[in-house]
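Here's the letter readout for the chains.
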Amino acid sequence: GAVVSQHPSWVICKSGTSVKIECRSLDFQATTMFWYRQFPKQSLMLMATSNEGSKATYEQGVEKDKFLINHASLTLSTLTVTSAHPEDSSFYICTKTPGSKRTQYFGPGTRLTVL
Amino acid sequence: TQLLEQSPQFLSIQEGENLTVYCNSSSVFSSLQWYRQEPGEGPVLLVTVVTGGEVKKLKRLTFQFGDARKDSSLHITAAQPGDTGLYLCAGGLNAGNNRKLIWGLGTSLAVNP
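Residues numbered from 1 in each chain as written. Chains lettered and ligands numbered in written order. Predicted model: local features only at pLDDT ≥ 70, side-chain atom pairs only at ≥ 80, totals over all residues. Heavy atoms only, no water.

Moving on, we get to the state of the cysteines. Applying the stated rule across the entire model yields 2 disulfides over all chains. Covalent S-S linkage joins Cys23(A) and Cys94(A), the inter-sulfur distance amounting to 1.9 Å. As the torsion about the S-S bond is roughly 80°, the Cys23(A)-Cys94(A) disulfide counts as right-handed. Taken together, the residues span a long stretch of sequence, with Cys23(A) in strand E3 (residues 19–25) and Cys94(A) in strand E9 (residues 90–98) at a distance of 71 residues. Here the two residues Cys23(A) and Cys94(A) agree in accessibility, since each one is buried. In this model Cys23(B) forms its disulfide with Cys89(B); the gap between the sulfur atoms is 1.7 Å. Linking Cys23(B) and Cys89(B), the disulfide has an S-S dihedral of approximately -85° and is accordingly described as left-handed. Residue Cys23(B) is found in strand E3 (residues 19–24), and its partner Cys89(B) is found in strand E9 (residues 85–92); the two are separated by 66 residues along the sequence. Exposure remark for Cys89(B): the relative accessible area of 0% places this residue in the buried category. Unpaired in terms of disulfides, Cys13(A) finds its nearest cysteine sulfur in Cys94(A), a separation of 18 Å. (Disulfide = S-S within 2.5 Å. Helix = DSSP H or I, 4+ residues; strand = E, 2+ residues; numbered from the N terminus. Buried < 20%, exposed > 50% of the residue type's maximum accessible area, 1.4 Å probe, protein only.)

Moving on, we come to the pairing of strand E6 (residues 55–58) of chain B. Residue and element names in this part refer to chain B. Direction of pairing for E6 relative to strand E7 (residues 61–65): antiparallel, over a ladder of 4 bridges. Considered in E7, the bridge of leucine 58 is made with leucine 61. Once E6 ends, the chain turns through 2 residues before running back antiparallel as E7, passing lysine 59 with a positive phi of about 55°. (Pairing = 2+ DSSP bridges.)

All names here are of chain A. Burial along strand E7 (residues 67–70) is one-sided: the face carrying Phe67 and Ile69 is buried and the face carrying Leu68 and Asn70 is not. Summarising the sheet, E7 and strand E8 (residues 76–81) pair through 4 bridges and their orientation is antiparallel. Residue pairing across strands places leucine 68 opposite threonine 80, the latter belonging to E8. Taking the residues between adjacent antiparallel strands as the criterion, E7 and E8 are bridged by 5 residues.

Bringing the pattern of salt bridges into the picture now. Residues and elements named next belong to chain B. Summed over the entire model, instances satisfying the criterion amount to 5 salt bridges over all chains. Two residues, glutamate 38 and arginine 36, come together in a salt bridge whose shortest N-O distance is 3.1 Å. The class of glutamate 38 is partly exposed, set by a relative accessible area of 33%. Residue classification places arginine 36 among the buried residues on the basis of a relative accessible area of 18%. (Salt bridge = Lys/Arg side-chain N within 4 Å of Asp/Glu carboxyl O.)

Below, the structure is given as structure tokens:
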């Protein structure tokens, strides 16, 4: 099946710093991608949806200036958590959808811990 | 607001027991997916059901999509410790190019040896 990678797999940073998370589709071109965050033993919370070449659509309550999404190419997208605070500590997961298909392929997730 | 109610939220059983997880909604979905997630990893797709009344089997797991495509169930027979994990259901909406999934809150399953 399709492979989606995320980097880094985990990151620890100080409060106030910015963290960039990369999401790559290794064997397909993704026209649509989703970013989720997940708290321990809880379900996925959709943060934003983006299509290649256009601005991301953020879910209600998600600050677009804090969570910057760049879908620069069909294989690479990034999520930057700006001025991170401890409450931003979470598990961030990207998913990608190739072409016209509806199947979503999940990345392995990035564990962010803000001290 | 479209909601997908998943129950139970937590389940702790002994090895060998059977269990069923339910996902219910007032919305009609074009498809419904079940995922299993282990700690520190992304969800892994188990199955996708698209037809009302459809039943799919994956070894000891049986998935059913309701006739009206508003609900689904996951039944595990003779659970094993390896089945432990977070089970998530997600409904797909057939709205143009919208591929957004509506997620259940998850069922945390612990199978004790």
